[in-house]
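Reading the structure
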Amino acid sequence: MKAFDYVRPSTLEEACAVLADPAGSAKALAGGTDVLVQMRAAGLRPSVVVSLKDVPGLNFIHADDDGGVTIGAVTPLGAVEHSAVIKERCPAVAQAAAWVGSVQVRNRATIGGNLCNAAPSADTAPILIALGAEAVITDGREERVVLLEEFFTGPGQTVLGRGELLRAVRVPPAPARSFATYLKTFRSAMDCCTVGVGLCATFEEGSAAIKDVRLALGAVAPTPMRARATEALLAGRELDETTIAAASAKAVEEAQPIDDIRASAAYREVLVEVMSRRVLTAACAWAQNGGRG
Amino acid sequence: MKTCIVRKGLPRIDAIPKVSGEAQYTVDLKMPGLLVGKILRSPHAHARIKSIDTSAAKALDGVLAVITAEDVPENLFAFYQWQADKHILCTDRVRYVGDEVAAVAAMDDDTAEAALDLIKVEYEALPVILDIDEAMKPGAQLIHEGKESNSTWSVDRLFGDPDKALAECDYVVEGTYVTHQLAHCCLEVSNCIAKWDKRDKLTIWTNAQAPHTQRQEVARVLGIPRRNVRIINSTMGGGFGSKLVMDMKLPIASVLSRLTGRPVRIVNTRSEEFTTAKTRYPYTLHLKTGATKDGKILVRDLTLIGDNGAYHDKGPATINFSSMMFGTLYNVPNIRFHGELVYTNKAMGTAFRGFGNPQVTFATESQIDELAEKMGMDPLELRRRNVNHPDETAACGAEVCGCAMSECMELAAKEIGWEEKRGKGAPLRGVGLANMVHTGGGGRFYGFNSAEAIIKLSDEGTVTLITSALDMGQGAHTAMAQIAAEELGVRLEDINVLSHDTELTPYDLGSWGSRATFMNGNAVLAAAEDARQSLVEAAAEMLEADPADILVEESKVWVKGSHEKHDLSEVVDHTVNEHGEPISGIGRFVDHLPEGYTIPTAFAKNIPCFSFGTQAVEVEVDPETGQVNVLRVVAAHETGTTINQTMAEGQLEGSMAQGIGFALMERLVHDDEGRIVNDRFLDYKIPNIGDVPEMKAYCVESVGTRGPFGAKGIGEPGLVPTAPAIANAIYDAIGVRLHEVPMTREQIIKALKEKRASET
Ligand SMILES: Cc1cc2nc3c(=O)[nH]c(=O)nc-3n(C[C@H](O)[C@H](O)[C@H](O)COP(=O)(O)OP(=O)(O)OC[C@H]3O[C@@H](n4cnc5c(N)ncnc54)[C@H](O)[C@@H]3O)c2cc1C
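Not measured: the values here are computed from a predicted model.

Here we come to the interface of chain A and chain B. Each partner contributes residues to the interface: chain A has 24 residues there, and chain B has 19 residues. Across the interface of chain A and chain B, roughly 1900 Å² is buried in total on both sides, 44% from carbon and sulfur atoms. Area buried by chain A at its contact with chain B is led by Arg 187, Ile 261 and Tyr 267 of chain A, which between them contribute 32% of it. One can count five salt bridges joining chain A with chain B. Linking chain A to chain B there are 15 residue pairs in polar contact (both at pLDDT 80 or more). Of the residues forming the side of chain A that touches chain B, the biggest block, seven residues, is contributed by helix α11 (residues 265-288) of chain A.

Further remarks concern the confidence of the model for chain B. Averaged over chain B, the pLDDT score is 96; the fraction of residues at 70 or greater is 100%. Both confidence scores are given for the complex: pTM 0.97, ipTM 0.94.

Let's shift gears to the nonpolar core. All names here are of chain B. Within the largest apolar cluster, 143 residues are counted, with the highest numbers of intra-cluster contacts made by Ile 252, Val 619, Leu 664, Ile 726 and Ile 730. Taken together, domain 1 (31-126 + 187-238 + 243-276) and domain 2 (283-444 + 597-759) each give at least three residues to this core, which thus spans both. Among residues more than four places away in sequence, those in contact with Leu 664 are Val 628, Val 630, Ile 726, Ile 730, Pro 742, Met 743 and Thr 744. Within the second largest apolar cluster, 51 residues are counted, among which are Ile 483, Ala 485, Leu 535 and Val 557.

So, about the packing of aromatic side chains. The geometry of two aromatic rings is summed up by the distance between their centres and the angle between their planes. Residues and elements named next belong to chain B. One pass over the structure, following the stated rule, counts 16 aromatic pairs over all chains. Judged by centre distance (6.1 Å) and plane angle (90°), the rings of Tyr 177 and Phe 362 are edge-to-face. A residue pair is termed long-range when its members are at least 10 positions apart, and Tyr 177 in strand β8 (residues 171-178) and Phe 362 in helix α10 (residues 357-375) qualify at 185 residues. Each member of the pair, Tyr 177 as well as Phe 362, carries the same accessibility label: buried.

What follows concerns the domain arrangement of chain A. Many structure descriptions define interface size as the accessible area lost when the parts assemble. The domains assigned to chain A are domain 1 (5-51), domain 2 (61-171) and domain 3 (178-288). Centre-to-centre separation of domain 1 of chain A and domain 3 of chain A, based on C-alpha positions: 35 Å.

To continue, consider the sheet that holds strand β14 (residues 297-309) of chain B. The strands that make up a sheet are held in pairs by hydrogen bonds between backbone atoms, and each pair lies either parallel or antiparallel. Residues and elements named next belong to chain B. If you trace the five strands from one edge of the open sheet to the other, you get β7-β15-β14-β13-β8, paired in mixed fashion. On the outer flanks of this sheet lie β7 (151-159) and β8, each paired with one strand and no other. Each strand of the sheet is rotated relative to its neighbour by a mean of 5°, with strand direction disregarded. Of the pairings in the sheet, the one linking β7 to strand β15 (residues 334-343) comprises eight bridges and is antiparallel in character. Residue pairing for β15: Val 155 is matched across the bridge by Gly 339. Sitting on the sheet, helix α9 (residues 315-328) is in contact with β7, β13 (283-291), β14 and β15, with an inclination near 160° to β15. Packed on one face of the sheet, α10 meets β8, β13 and β14 and runs near 145° to β8.

This part covers the domain arrangement of chain B. Residue and element names in this part refer to chain B. Domain annotation for chain B reports domain 1 (31-126 + 187-238 + 243-276), domain 2 (283-444 + 597-759) and domain 3 (450-590). Between the C-alpha centres of domain 2 and domain 3 the distance comes to 38 Å. Of the residues lining the interface, 23 residues belong to domain 2; the matching set on domain 3 comes to 19 residues. Roughly 1500 Å² is buried in total at the junction of domain 2 and domain 3, and carbon and sulfur atoms are behind 66% of that figure. At the junction of domain 2 with domain 3, the criterion picks out zero salt bridges. At the surface where domain 2 touches domain 3, the tally comes to seven residue pairs in polar contact (both at pLDDT 80 or more). Secondary-structure elements contributing two or more residues to the side of domain 2 that touches domain 3 are β18 (429-439) and α18 (645-665). Class assignment for the residues of the side of domain 2 that touches domain 3 results in nine nonpolar, eleven polar and three charged.

Let's shift gears to unusual backbone geometry. All names here are of chain B. At the junction of Val 741 and Pro 742, the peptide bond is cis and its omega measures out at 0° in the coordinates. Note that Pro 742 resides in the loop between α19 (722-734) and α20 (745-759). With a phi close to 55°, Glu 544 is a non-glycine residue in the positive phi region. Along the chain, Glu 544 falls in the loop between α15 (516-543) and β22 (550-553). In this structure, Ser 555 takes a positive phi of about 65° despite not being glycine. Counting through the fold element by element, Ser 555 comes out in the loop between β22 and β23 (556-559).

Here we take up the sheet that holds strand β9 (residues 191-196) of chain B. Residue and element names in this part refer to chain B. Spatially, the seven strands line up as an open sheet ordered β3-β5-β1-β12-β9-β10-β11, and their pairing is mixed. The two strands at the open ends of the sheet, each matched to only one other strand, are β3 (63-67) and β11 (229-233). Shown here is a sheet whose adjacent strand axes are inclined to one another by a mean of 20°, direction ignored. Across four bridges, β9 lies against strand β12 (residues 264-267) in antiparallel orientation. From the neighbouring strand, Asn 191 faces β12, where its bridge partner is Val 267. Packed onto the sheet, helix α6 (residues 211-222) meets β9, β10 (202-206) and β11 and runs at close to 140° relative to β11. Packed onto the sheet, helix α7 (residues 249-260) meets β1 (35-41), β3, β5 (100-106), β9, β10 and β12 and runs at close to 35° relative to β9.

What follows deals with the site of the ligand. All names here are of chain A. As a structural note, the neighbourhood of the ligand is formed by 31 residues, with Ala 28, Thr 33, Asp 34, Thr 110 and Asp 123 the closest of them. Here a nitrogen atom of the ligand and a side-chain polar atom of Asp 123 are 2.7 Å apart. Protein chains shield 90% of the accessible area of the ligand, which is 980 Å² for the free molecule. Mapped by element, the contributors of at least two residues to the shell around the ligand are β2 (26-29), α7 (111-116) and β10 (165-171).

With that out of the way, let us pick up the pattern of salt bridges. This structure, assessed with the given rule, holds 68 salt bridges over all chains. Here Lys 18 of chain B and Asp 14 of chain B are joined by a salt bridge, their closest N and O atoms 3.0 Å apart. With relative accessibility at 15%, the residue Asp 14 of chain B sits in the buried group. The partner of Arg 48 of chain B in a salt bridge is Glu 124 of chain B, and the shortest N-O contact between them spans 3.9 Å. Taken together, the residues Arg 48 of chain B in strand β2 (residues 47-53) and Glu 124 of chain B in strand β6 (residues 120-125) connect sequence positions 76 residues apart. Classification of Glu 124 of chain B as partly exposed rests on a relative accessible area of 35%. Residues joined by salt bridges that share partners form a network here, namely Glu 149, Arg 214, Arg 226, Arg 228 and Glu 231 of chain A.

So, about a negative patch on the surface. Residue and element names in this part refer to chain B. On the surface, a cluster of negative charge is made up of Asp 459, Glu 460, Glu 541, Glu 544, Glu 564, Glu 570, Asp 573, Glu 578 and Glu 581. When residues in the negative patch are grouped by element, the largest group, three residues, is from helix α16 (residues 568-579). Tracing the backbone through its elements, the reader meets Glu 578 in helix α16. For Glu 578, a relative accessible area of 59% gives the class exposed.

The end-to-end C-alpha separation of α9 of chain B is 20 Å, in line with the 20 Å expected for 14 residues at 1.5 Å each. The buried count for α9 of chain B comes to 14 of 14 residues, which makes it a mostly enclosed element.

What counts as what
- Residues numbered from 1 in each chain as written.
- Chains lettered and ligands numbered in written order.
- Predicted model: local features only at pLDDT ≥ 70, side-chain atom pairs only at ≥ 80, totals over all residues.
- Heavy atoms only, no water.
- Contact = heavy atoms within 4.5 Å.
- Buried area = accessible area lost by both parts, 1.4 Å probe.
- Salt bridge = Lys/Arg side-chain N within 4 Å of Asp/Glu carboxyl O.
- Polar contact = N/O pair within 3.5 Å; in protein donor to acceptor, adjacent residues only side chain to side chain.
- Helix = DSSP H or I, 4+ residues; strand = E, 2+ residues; numbered from the N terminus.
- pLDDT = per-residue confidence, 0-100.
- Core = buried A, V, L, I, M, F, W, Y, C linked by side-chain atoms within 4.5 Å.
- Buried < 20%, exposed > 50% of the residue type's maximum accessible area, 1.4 Å probe, protein only.
- Domains from an automatic or database assignment.
- Phe/Tyr/Trp six-rings, centres within 6.5 Å; stacked < 30°, edge-to-face > 60°.
- Pairing = 2+ DSSP bridges.
- Axes fitted to C-alpha atoms, helices over the stretch in contact; angles between N-to-C directions.
- Nonpolar A, V, L, I, M, F, W, Y, C, P; charged D, E, K, R; others polar.
- Near = heavy atom within 4 Å.
- Areas by Shrake-Rupley, 256 points an atom, 1.4 Å probe, with all protein chains shown as cover.
- Patch = residues over 30% accessible without salt bridge, like charges linked within 9 Å, V, L, I, M, F, W, Y side chains within 5 Å.
- Lys, Arg positive; Asp, Glu negative; His and termini not counted.
- Charge placed at Lys NZ, Arg CZ, Asp CG, Glu CD.
- Expected span 1.5 Å × (residues − 1).

Shown next, in the form of structure tokens:
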């Protein structure tokens, strides 16, 4: 690891100012579970590491008045996993958080770090995209809000500009009669996902007919992606075996997986089919069961 | 057997220093003037070195030395000198990605790294051979010029008359099995500090599994007298065979130290560890097994090609050992074995826990199930008809004395629920088992097998035990201390074990091959007997009693029949301070080659004792994703006498986890240019606590070995049968047979697809 400066700003303004300094190559540090690994092994050599630990107002889980939840960027995934508010309002987010690494990793790793690291395999991304979550971005003075599905621009790349930080993630209130879940496949415990599938399906009253649906896939494209063609195929349809099969096949068509050490592209396609089918089948069972698990 | 300290699951004597962080590893050592050494490694798997320009690196501030082949002795090296094929630094050719090309010593990490970047090497690429079949093709590019072919060593063993036996068999099965390169994944990476002092003495601090032979190796490659080399170990964080043979960073750091006059440290990065710290030898095995219709295995025929990697190391020893275990398992009367080593442009293989036996057992024990299937027989029943028995000599010469194979097998089968589950378990669930035989005491591979130990008592009755048994995490120090404490009659906490310095410890072959408990344990026992004799004599004199009536237990000394117990310290104080006669003991265990040993006819007589074992597993397979979930593993392994129950179970559990990795996850993957692409734990997966299922380890005691208190080694056997047990369970679950490990999700999906295609 190369020598670097380390700063612990105590305000957002200060943190953003250091990050904005064009003279250096500053890197924000939340839990460090990505940053430190990259600095030690993957050639990341920032001139300044900016710790977010002392910056107030970044570590919180807030029950919004509209029924949604706002999660501070520097909230540990362990807190997300165990939060009563999240478990009540968007349990699939707690479920996805629980899939990340190990207890030890989740005690350090933050939700903002998971998103800003922008790995195509980030476990919290698909479900947050499926739930229509928004990223609240700040430059220390002003805030802007973007849909999380527009947040990622490539592997390791986001819409964050120099000097900008993710301040929070806002999960909108769950629509009535909606079912959400996240499924992950992996080679071993504590592995990045081989394929991740996040689903949020809203059903018509008293039936298994889809009113609205969002399906997001992880690790099958340069960024976590929404499977829009699959969603279009599903819209307005009654969920049954045939529809689910057609939708799962469509998801395979839109996924653009690559070969890597975790899996071949062909095997990832198998997983996209199987996992899409499984989340949709779970949703269907839920709807047929009158909206109970 | 009535014992006080042996056969108890006592806590390890190094537990507190390790858990508290007080234990010092070699990387924790600090030294005045210490320099950072780094190695420039080849980015090519095969290339000619056209030129090396070190001038810019040498000119960099803070760089104290830059060396290339020109600055180091020209000697070639290999574990066996007759196979020597590797220079300290490459002269004109590199043969795998990671080969040592140049090295620097600098004031700090950053400077050393910057210096490496400034060394300019011009390469001319040569064809890269990663595959043994390609390497063996006539006219293939030679990896070592001047050799006749890339096939570099072979061995044949023949016992009985396999052809005749094959003709007599009612059933013959045949198949090809494949294993790949695996990394040892020690948590402590390979590292050293070398200090070449003004008297020309070279001291190396490192983490060697065999410091005495490494001392010889360093002297050999540097062309200096052995007496000038001293190796000092610190606490070790794993070995698994990777720290047995000298790593080139030892002579490289030594030369850097000689040139700079300062100690030089070289530490592998994790990536270097994955790519250059050597691997398990991958085998391709063509195996035939033949049996009569009543299930007696008459013959086994194995052709095994080992991927040597770019240079020689433990290949011949590994393949020879494979042949011995192959010949011993089930006491098969007719055996043909052909083993061959082939050079490729990959990292070299070396010793790895199990030493060629896990690869062979994957083939043999998978094939037993295939044979049973063909015969319509329960695989457990087929094994029952072929188990090894005590006091048998196998066709290959193996002298099996104690043997608890039947007990192990029946126990494992019962515990996994064989009768209820085999062939009739829940859908997608299956059970499988596999047997194994392994050495329980190293081998007389050097023409002998011996160990020595020294014990001295302080004037307060505490005991210093000097043994050459290295503790790399397996618990050898605790086992040695228990043996000494039991025999001497002192408390375990009164024993201090020293084993870290070649100037202190007796010459020894090292800790490998489940050798330490059997060999070093016997030497420790003899030393304790020796010291005990002096102690008893001193006590008899002090207490005015007959030595035959003196009892010593838990550091108390008394005369038989008397209630007056004396502290051991009183006796020692008396004999030291009244008579000037301190108490000490020396013990030696020499295990000569037995009568009738000849290499072609009775090779396996080399093994002083055998250890048998069985593992049974239950798995669940997701047929859509290919995910295999190991639900339970039961291991029943023979220990002779279990010196420490907790540690023996720990050895078995750790081995089973490693066996699961071998079976399902682990493989070093190369790209077309020969670069290892999974050189970090993010990509190279080993089982962690979340992957390890419920495990039950049984230590099955047995009689008939010459180990201390009847003990056998248990360090290696535990991962030998895991993979075939899992393969057999997968077959039971979903009806597909995999002949290659690791059995990945993708392979399972592919095999299921092929099965469906063949059924329609
Ligand atoms: C052993 C291990 C297992 C893992 N397993 C998984 C897994 O199963 N699934 C998974 O998805 N990930 C996994 N990871 C990756 C990692 O833990 C997660 O991505 C984690 O959420 C990152 O959070 P962090 O707080 O540690 O981020 P850091 O490492 O501190 O930062 C990550 C990146 O985000 C930037 N950043 C952090 N916070 C902000 C902010 N508020 N605004 C702008 N930029 C910011 C940093 O500059 C950096 O580029 C694992 C990592 C390890 C070491």
